[in-house]
Amino acid sequence: MKIQSKSFSGENGAEIELNDEVFGLEPRADILHRVITWQLEKRRATARGTRERADVARTGKKFGRQKGGGTARHGDRRAPVFIGGGKAHGARVRDFNPSLNKKVRALGLKMALSSHAKQGSLVVMDTLAVEGGKTKTLKGDLARLGFGKRALVIDGDLVDTSFAFAAGNLHEIDLLPAVGANVYDIIKADTLVLTRAAVEKLEARFNG
């Protein structure tokens, strides 16, 4: 698959050959659904478990007689009604750490990249450098290129500093290094923007 790179000036750059094994797959909804579900489950944090009646270290001895004491007929001080007693129906530790085969995860990421390539919403940039790192300058460039309502921009090893400064106040731009590329953010974006360095990193990631 070949694609024409672009620059913020609006001019076309060199023609880039994209690896069909990474950007030319037929997306499958079931694979994408499995990977996104796994990714969102991994984000969830469990509650800290509370100590219930059986976990509290207090005496189990019946502290008063059954009748004639003038008080309720309690069995021990671990009951939730007492200060220092166990929590009634407390939060419990839950496991939100599902497993997913690495090959399925890799396939899901390839399909997410391929879905943008197939829809024509994939843009490859020569560079992300913004003159002066100004937000106003970047907004004009984005309007010229037509990145859509929400764009995900992926750079190489490190994100371009001037672009990061300029895009810091733009809620419609999400920015990631190549190592942070993930299915959920890619699918959520209307436009996927990759630098040439990001393309090389992603293709090397799967070929390695």
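With an unreviewed UniProt entry as reference, the protein chain is termed Large ribosomal subunit protein uL4, source organism Sphingomonas rubra. Of the comments in the UniProt record for the protein chain, the one headed Sequence similarities (unreviewed entry) reads "Belongs to the universal ribosomal protein uL4 family." For the protein chain, the Subunit (unreviewed entry) comment in UniProt is given as "Part of the 50S ribosomal subunit."

Here we take up the overall build of the protein chain. Helix and strand content of the protein chain: seven helices and six strands. Reading the protein chain from its N end, one meets helices and strands in the order β-β-α-α-α-β-α-β-α-β-α-β-α. Computed over the C-alpha atoms, the radius of gyration of the protein chain is 28 Å, more than 25% above the 17 Å expected from 2.2 N^0.38 for a compact globule of 208 residues. If you line up the protein chain on its principal axes, its C-alpha atoms span 95 × 40 × 25 Å. Residues classed as buried in the protein chain amount to 37% of the 208 residues present. At a minimum sequence separation of 6, the contacts of the protein chain that also span at least 24 residues come to 71%. Just so you have it, the protein chain exposes about 12,700 Å², and 49% of that area is on carbon and sulfur atoms.

This paragraph deals with empty space enclosed by the protein. One pass over the full model with this rule turns up one cavity of 30 Å³ or more. The wall of the largest cavity is formed by K62, F63, G64, R65, T71, A72, R73 and H74. Residues of the lining of the largest cavity, tallied by class, amount to two nonpolar, three polar and three charged.

Here we take up the side chain of S114. In this structure, S114 sits in helix α3 (residues 102-119). Look at S114 and you get buried, because its relative accessible area is 1%. One polar contact links the side chain of S114 to the main-chain amide nitrogen of L25, over a distance of 3.1 Å. The residues touching S114, leaving out its near neighbours within four places in the chain, are V22, F23, G24, L25 and P27.

In this section: helix α7 (residues 196-207). When the terminal C-alpha atoms of α7 are compared, their 17 Å separation across 12 residues agrees well with the 16 Å that a helix rising 1.5 Å per residue should span. Those residues of α7 not exposed but buried are A198, V199, L202, E203 and F206. With its buried residues spanning 125° around the axis, α7 presents them on a single face. In α7, the exposed residues that point more than 90 degrees away from the buried face are E200 and N207. Looking at the buried positions of α7, the neighbouring elements they touch are β2 (12-17), α1 (20-23), α3, β3 (122-125), β4 (151-154) and β6 (191-195).

A few words now on the layout of surface pockets. Estimates place the volume of the largest pocket at around 250 Å³. Lining the largest pocket, in full, are V35, W38, Q39, K102, R105, A106, L109, A181, N182, V183, R205 and F206. For the lining of the largest pocket, the secondary-structure elements that each account for two or more residues are α2 (29-43), α3 and α7. Ranked by the residues each element gives to the lining of the largest pocket, the list is headed by α3, at four residues. By residue class, the composition of the lining of the largest pocket is seven nonpolar, two polar and three charged.

Calculation criteria
Residues numbered from 1 in each chain as written. Predicted model: local features only at pLDDT ≥ 70, side-chain atom pairs only at ≥ 80, totals over all residues. Heavy atoms only, no water. UniProt positions renumbered as here; feature names shortened; annotations may be inferred. Helix = DSSP H or I, 4+ residues; strand = E, 2+ residues; numbered from the N terminus. Rg over C-alpha atoms; globule rule 2.2 N^0.38 Å. Buried < 20%, exposed > 50% of the residue type's maximum accessible area, 1.4 Å probe, protein only. Contact = heavy atoms within 4.5 Å. Areas by Shrake-Rupley, 256 points an atom, 1.4 Å probe, with all protein chains shown as cover. 1 Å grid on protein atoms, 1.4 Å probe; cavity = no way out; pocket = protein on both sides within 12 Å on 5 of 7 lines; lining within 4 Å. Points joined across faces, edges and corners; volume = space filled by probe spheres on them. Nonpolar A, V, L, I, M, F, W, Y, C, P; charged D, E, K, R; others polar. Polar contact = N/O pair within 3.5 Å; in protein donor to acceptor, adjacent residues only side chain to side chain. Expected span 1.5 Å × (residues − 1). Arc of directions from axis to C-beta.

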